[in-house]
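Chain and residue survey
What follows is each chain in one-letter form.
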Amino acid sequence: MGKVLMKGNEAIGAAAIKAGCRFFFGYPITPQNELPEYMSRELPKNEGVFLQAESEVSAINMVYGAAASGARVMTSSSSPGIALKQEGITYIAAAELPCVIVNIVRGGPGLGGIQPAQSDYYQATRGGGNGDYKLLVYAPANLQELVDLTQDAFDAADYYRTPVMIVGDGMIGQMMEPIEFKEHISRFALSEKDWATTGTKGQREPNIINTLFLDPAKLEELNFRLQDKYKLIKSNEARYEAFNMENAQIVLVAYGTTSRIVKNVITDLKDQGINVGLIRPITLWPFPEKAFDNIPSTCKALMSVEMSFGQMIDDVKIASNGRLPVHFYGRSGGMIPSPDDIIEKVKEVIGGAK
Amino acid sequence: MAIVFQKTKGLTDKETHYCPGCTHGIIHRLTAEVLEELNVLGDTIGVAPVGCSVLAYDYFNCDVQQAAHGRAPAVATGIKRVQPDKVVFTYQGDGDLASIGTAEIVHAAHRGEKITTIFVNNAIYGMTGGQMAPTTLIGQKATTSPYGRTAEHAGMPLRVCEMLATIEGSVFVERVSVDTPANVRKAKKAIMKAFQCQIEGRGFSIVEVLSTCPVNWGMTPVDSITWLQNNMIPYYPLGNFRKPEEDK
Ligand SMILES: Cc1ncc(C[n+]2csc(CCOP(=O)(O)OP(=O)(O)O)c2C)c(N)n1
Ligand code: SF4
């Protein structure tokens, strides 16, 4: 299949439909509107349903109902809307339902702004909702990766029976890049959803989708099961890209849009004789801790580069576990870090690291 | 020997946890009987609320999803949009539906969502121990209105049927009570009609059932029924507020 030029937000929709998603529930918010608009156009042509809910709270609960009916279902929003969805997300995680949630992140806190940001890292990886749950979180850095991960997200969600989140930002959502839609083949062996509430037909005992466990031992049973699942996801699903690591004097850690800027920084600094490596988490949870075991001995420091004020840095510190000093450079939503600013910070750090 | 009375197939064998004299049980039974009589139990998906009836998922003999507090109509929407030929109902209390879930119920009605809602109005938050609900009557004492509800402080009690009847997507809206055998029969008829409207694909249907909470009202079951008759029915008039054209 040839390449097509598409906007990020629409590419997510196209990839989802190719992955068998037929239901979408959303609520308007910038900068992700092209995605629900695309779904409202395309799903009816594919025997699917697009529904604009009265709020993000309702949208995520519609996702709960649809997912528990056995459907492949998706919702998308941007930061304040994802904040509202947290109630539904913890219920979906607890009920072990598969779905895909897209967050095209904008700057916060509060109403914030509509420009690209990465300030929802904690929200995505720490669970904005109540209880001990995790989301599998993908953070693509280009549109090809975005569509590949979107398709994969539906399979992973079904396989692990867990909500999967795709984290992008306004830049990923709004920019156009050539993409190839590959034939969708699941990397998992997926089984029938015999747990779904599809009506007993008088042929089986009722299926119950529930998140209430008044008996603490039963609740702990659920939590043990969830933790086993998260352990499995942790060992199977952590993904990252390691770039220019050989002889790196410093390794920067950046994901999504920011990682693209860091790659330019690396090229510029190479010309100046400074070797900088990059660890780019592709999954934010599970965080690719193994990447930090292969850092060359030439490396004297790590630096987390974010469009937020030091969120991922916590995971960088956990992953490096005191082996190297961890520095930080971050800007607020919309104030996209410039290569020059990052270069200056790198020089400052390696000057001190000598 | 002729069988004159037996358990409905619409309920499981689980013993309910409802307090003695609580009318949740009667309302469960009526709903279950209707589903059995319509022969749709195997094609029905129920949605349980957060409230005393959260455990409805253990009692109704059909597939059930338990929803977050107030969100049952949104969950039911998700189910119905995926499975348009299944029967989908929500069972919700007045805290669930008339307080935290007002947006969800109003917009399910507004979209004409082809679901049925059984709305149990007991004028109080039962499960959490008797706090004031939007439906608590003026002068009624609750744990968070210890001096009795006043209109000045908390507004007038919310009449849900009257409100939802103004919405074009609502096709069947009726308020019933289960305080007397005659009213129990009327309640069942309304529930039957509501489900029929759904099955015929007409739109949103709701039956509000006035119900007792002897425990949190601090009364005997018998006194509770009398209190309901003397206080609730005058403010929450029984009757139909909306039905399909040809039935008018
Ligand atoms: C988000 C959230 N807020 C509050 C609660 C606590 N809560 C549980 S049941 C309930 C009230 C239920 O009252 P009602 O809907 O009137 O039903 P009843 O118990 O009277 O049948 C509340 C507030 C909760 N579970 N979730
Ligand atoms: S607390 Fe009230 S509503 Fe709840 S079961 Fe007891 S009597 Fe019924």
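Reading the values: rules and limits
Residues numbered from 1 in each chain as written. Chains lettered and ligands numbered in written order. Predicted model: local features only at pLDDT ≥ 70, side-chain atom pairs only at ≥ 80, totals over all residues. Heavy atoms only, no water. Core = buried A, V, L, I, M, F, W, Y, C linked by side-chain atoms within 4.5 Å. Buried < 20%, exposed > 50% of the residue type's maximum accessible area, 1.4 Å probe, protein only. Helix = DSSP H or I, 4+ residues; strand = E, 2+ residues; numbered from the N terminus. Contact = heavy atoms within 4.5 Å. Disulfide = S-S within 2.5 Å. Buried area = accessible area lost by both parts, 1.4 Å probe. Salt bridge = Lys/Arg side-chain N within 4 Å of Asp/Glu carboxyl O. Pairing = 2+ DSSP bridges. Axes fitted to C-alpha atoms, helices over the stretch in contact; angles between N-to-C directions. Domains from an automatic or database assignment. Polar contact = N/O pair within 3.5 Å; in protein donor to acceptor, adjacent residues only side chain to side chain. Nonpolar A, V, L, I, M, F, W, Y, C, P; charged D, E, K, R; others polar. Expected span 1.5 Å × (residues − 1). Parallel < 35°, antiparallel > 145°, perpendicular 65-115°, else oblique. Left-handed = near helix turned anticlockwise from the far one by under 90°.

1. Regarding the nonpolar core
Ranked by internal contacts, the top residues of the largest apolar core, which has 124 residues, are Met39(A), Met74(A) and Phe292(A). Per element, the largest residue contribution to this core is nine residues, and it comes from helix α6 (residues 143–160) of chain A. Excluding its chain neighbours within four sequence positions, the residues that come into contact with Met74(A) are Ile12(A), Ala16(A), Cys21(A), Phe23(A), Phe24(A), Phe25(A), Leu35(A), Met39(A), Val63(A), Val100(A), Val102(A) and Phe154(A). The next biggest cluster of nonpolar side chains, apart from the first, holds 37 residues, and it includes Val171(B), Met192(B), Cys197(B) and Val209(B).

2. A short note on the state of the cysteines
One covalent bond between the sulfur atoms of two cysteine residues makes up a disulfide. All names here are of chain B. Within this structure, the stated rule accounts for zero disulfides over all chains. No disulfide involves Cys62; its sulfur sits 19 Å from the nearest other cysteine sulfur, which is in Cys22. Since its relative accessible area comes to 0%, Cys62 is described here as buried.

3. So, the interface of chain B and chain A
Counting residues at the interface gives 34 residues for chain B and 33 residues for chain A. Summed over both sides, the interface between chain B and chain A buries roughly 2500 Å², with carbon and sulfur atoms accounting for 56% of that surface. The tally of links between chain B and chain A comes to four salt bridges. For Asp43(B), the salt bridge identified is with Lys201(A), shortest N-O distance 2.4 Å. Looking at the side of chain B that touches chain A, the elements that each hand over two or more residues are β1 (44–48), α2 (56–59), β2 (63–66), α3 (72–82) and α5 (102–110) of chain B.

4. Brief notes about the sheet that holds strand β4 (residues 73–77) of chain A
Residues and elements named next belong to chain A. In space, the seven strands of this open sheet follow the order β3-β2-β4-β5-β7-β6-β13, with mixed pairing throughout. With partners counted over all chains shown, the strands left at the sheet margins are β3 (49–52) and β13 (283–285), one partner each. Across the sheet, the mean angle from the axis of one strand to that of its neighbour is 20 degrees, orientation sign disregarded. With two bridges connecting them, strand β2 (residues 23–26) and β4 associate as parallel partners. Paired with Phe23 across the strands is Val73, a residue of β4. The sheet strands contacting helix α3 (residues 56–67) are β2, β3, β4 and β5 (99–105), and the helix crosses β4 at an angle near 165 degrees. The strands touched by helix α8 (residues 216–237) within the sheet are β6 (136–138) and β13, with β13 carrying the most contacts at an inclination of about 155 degrees.

5. Observations regarding the domain arrangement of chain A
Residues and elements named next belong to chain A. When its domains are assigned, chain A resolves into domain 1 (4–237) and domain 2 (241–350). Each of domain 1 and domain 2 has a C-alpha centre, and the two are 28 Å apart. Each partner contributes to the interface: domain 1 provides 32 residues, whereas domain 2 provides 28 residues. Of the roughly 2500 Å² buried where domain 1 meets domain 2, counting both sides, 56% is carbon and sulfur surface. When the shortest N-O distance is used, the salt bridge between Arg126 and Asp315 registers 2.8 Å. Where domain 1 meets domain 2, there are 18 residue pairs in polar contact (both at pLDDT 80 or more). Mapped onto the side of domain 1 that touches domain 2, the elements with two or more residues apiece are α5 (121–126), β6, α6, β7 (163–169), α7 (170–174) and α8. Considered class by class, the residues forming the side of domain 1 that touches domain 2 number 18 nonpolar, six polar and eight charged.

6. Focus on α3(A)
Residues and elements named next belong to chain A. Relative to the 16 Å expected for 12 residues at 1.5 Å per residue, α3 spans 16 Å between its end C-alpha atoms, a close match to the ideal helical length. Within α3, 12 of the 12 residues are buried, leaving the element largely enclosed by the surrounding structure. Those residues of α3 not exposed but buried are Glu56, Val57, Ser58, Ala59, Ile60, Asn61, Met62, Val63, Tyr64, Gly65, Ala66 and Ala67. Regarding α3, its N-cap is Ser55, as a side-chain oxygen of that residue lies 3.3 Å from the backbone nitrogen of Val57 further along.

7. Some thoughts on the side chain of Glu237(A)
Residue placement: Glu237(A) occurs in helix α8. The contact partners of Glu237(A), leaving out residues within four places of it in the chain, are Leu136(A), Tyr138(A), Tyr160(A), Arg187(A), Phe188(A), Thr283(A) and Pro286(A).

8. Side note on the packing of α3(A) against α3(B)
If you want to describe how two helices pack, look at the angle between their axes and the distance between the axes. Running from amino to carboxyl end, α3(A) crosses α3(B) at an angle of 50 degrees, the nearest separation of the two axes being 6 Å. When the axis of α3(A) is compared with that of α3(B), the two are oblique. In this structure, α3(A) meets α3(B) at a crossing whose hand is right-handed. Facing Ser58(A), Asn61(A), Met62(A), Tyr64(A), Gly65(A) and Ala66(A) of α3(A), the residues of α3(B) in contact are Ala74(B), Val75(B), Thr77(B), Gly78(B), Ile79(B) and Val82(B). When the residues that make up the contact of α3(A) with α3(B) are grouped by side-chain class, the tally is seven nonpolar, five polar and no charged.

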